[in-house]
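Chain residues, written in single-letter form:
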Amino acid sequence: DTAVSQTPKYLVTQMGNDKSIKCEQNLGHDTMYWYKQDSKKFLKIMFSYNNKELIINETVPNRFSPKSPDKAHLNLHINSLELGDSAVYFCASSQEGAKNIQYFGAGTRLSVL
Amino acid sequence: DQQVKQNSPSLSVQEGRISILNCDYTNSMFDYFLWYKKYPAEGPTFLISISSIKDKNEDGRFTVFLNKSAKHLSLHIVPSQPGDSAVYFCAAIEMYAGGTSYGKLTFGQGTILTVHP
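**Student:** What is the right way to look at the sheet that holds strand β8 (residues 73-78) of chain A in this model?
**Tutor:** Strand pairing within a sheet occurs via backbone hydrogen bonds; the two strands may be parallel or antiparallel. Residues and elements named next belong to chain A. Across the sheet, which stays open at both edges, the four strands sit in the order β1-β3-β8-β7 with antiparallel pairing between neighbours. On the outer flanks of this sheet lie β1 (4-7) and β7 (64-70), each paired with one strand and no other. Within the sheet, the average angular offset between the axes of one strand and its neighbour, ignoring direction, is 20°. Of the strand pairs in this sheet, strand β3 (residues 19-25) and β8 are connected by four bridges, and their pairing is antiparallel. Bridge pairing links Ser-20 to His-77 in β8.

Below is the structure:
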C-alpha cells in the first residue's frame, strides 16, 4: 500500500494545454509539498500546504495552482503548459513536528512537446 | 543561486570499500541536514540526518559528518554494497525560521553512486 502516490507517472502533452497531477498520502500527515526536479537535477520546492492552508509558495509562475481538497490530497494544476515546464514533479508529505523528514511519491515525468 | 551543492555527479566504488559522498552549503542559517537516497523510478527516501549541534551521526553502515565552519557535510557508507547503488541527495533546512518550521528543504543536485561487485 503506497504511502504517497502520484498519478499519472508519465504525462506527455502539447504546449498550451492544461493538465493536472494528483497526489494522495495515507500516512495521516498534516503537511504536503510539491517539488520540481529540473534538467540540472536539483529538486526545488514549489508549494507546501499544512491542513489545507498554503504555507510555502516559492517563485513559481501563476500558471501553477495547487489545490488541497483535504489534508490527504494535494493536486497540482498547470495552465497553458510551456516547453520549460518539462520536468519530474514530486509530491511529498510530512507530519507536524517533523517537517524535515519528508516522504516522497515516485514522481510524475511531464513532457511538453 | 544554489545554496546546497554536490560537486561530484558520480562516484564508483568496489563492494566492501568505503563510499564518501560530499556536500557543501552556503546558507549559514541552515541548522539541520539530511541525506536522501533515490532509486530509479522511485521517489527519494530519507536515509540519515544530523543537527547542526552535532558533528557526527551514525546509523549502521551510514555515518554523516558535519563541519560547520567549512559548511561541509559528508556521508560515509562502509562497507559499501551493490544495493547501495542509487542517487544520493544532500538536503538542508532552516528548522525554525522565525519560530516556525515550514519544512522548506533545499536539495543538492545529487551524486550517482555505483557499487561494483
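Once the structure has been displayed, the description carries forward.
**Student:** Please explain the interface of chain A and chain B as it appears in this structure.
**Tutor:** It is common to report an interface's size as the accessible area lost on association of the parts. Facing the 22 residues of chain A at the interface are 22 residues of chain B. A combined buried area of about 1800 Å² lies between chain A and chain B, and 63% of that area is made up of carbon and sulfur atoms. Three residues, Phe42(A), Leu43(A) and Asn100(A), lead the burial of chain A against chain B; their summed loss comes to 34% of the area buried on that side. If you look at where chain A meets chain B, you find one salt bridge. For Lys104(B), the salt bridge identified is with Glu58(A), shortest N-O distance 3.1 Å. Elements represented by at least two residues in the side of chain A that touches chain B include exactly β4 (31-37), β5 (43-50) and β6 (53-57) of chain A. Of all the elements, β5(A) adds the most residues to the side of chain A that touches chain B, at four residues. For the side of chain A that touches chain B, the class distribution of residues is eleven nonpolar, five polar and six charged.

**Student:** Help me understand the layout of surface pockets in this model?
**Tutor:** Over the atoms rolls a probe the size of a water molecule, and in doing so it shows where empty space is left. In this structure, the largest pocket spans a volume of roughly 620 Å³. When residues of the lining of the largest pocket are traced back to their parent elements, those giving at least two are β5 of chain A together with β10 (106-107) of chain B. Top contributing element to the lining of the largest pocket by residue count: β5(A), with four residues. Each pocket or cavity is described by its volume, and for the second largest pocket that value is around 490 Å³. Lining the second largest pocket are 27 residues, with Gln37(A), Lys41(A), Val88(A), Arg109(A) and Lys38(B) sitting closest to its centre.

**Student:** What is the right way to look at the nonpolar core in this model?
**Tutor:** All names here are of chain B. The biggest cluster of nonpolar side chains holds 23 residues, and the ones touching the most others in it are Phe-33, Trp-35, Leu-73, Leu-75 and Tyr-88. Among the elements of the structure, β3 (19-25), β4 (32-38), β5 (45-51), β7 (62-67), β8 (72-77), β9 (86-93) and β11 (111-116) are those that each provide at least two residues to this core. Of all the elements, β9 adds the most residues to this core, at four residues.

Rules behind the numbers
Residues numbered from 1 in each chain as written. Chains lettered and ligands numbered in written order. Predicted model: local features only at pLDDT ≥ 70, side-chain atom pairs only at ≥ 80, totals over all residues. Heavy atoms only, no water. Pairing = 2+ DSSP bridges. Helix = DSSP H or I, 4+ residues; strand = E, 2+ residues; numbered from the N terminus. Axes fitted to C-alpha atoms, helices over the stretch in contact; angles between N-to-C directions. Contact = heavy atoms within 4.5 Å. Buried area = accessible area lost by both parts, 1.4 Å probe. Salt bridge = Lys/Arg side-chain N within 4 Å of Asp/Glu carboxyl O. Nonpolar A, V, L, I, M, F, W, Y, C, P; charged D, E, K, R; others polar. 1 Å grid on protein atoms, 1.4 Å probe; cavity = no way out; pocket = protein on both sides within 12 Å on 5 of 7 lines; lining within 4 Å. Points joined across faces, edges and corners; volume = space filled by probe spheres on them. Core = buried A, V, L, I, M, F, W, Y, C linked by side-chain atoms within 4.5 Å. Buried < 20%, exposed > 50% of the residue type's maximum accessible area, 1.4 Å probe, protein only.

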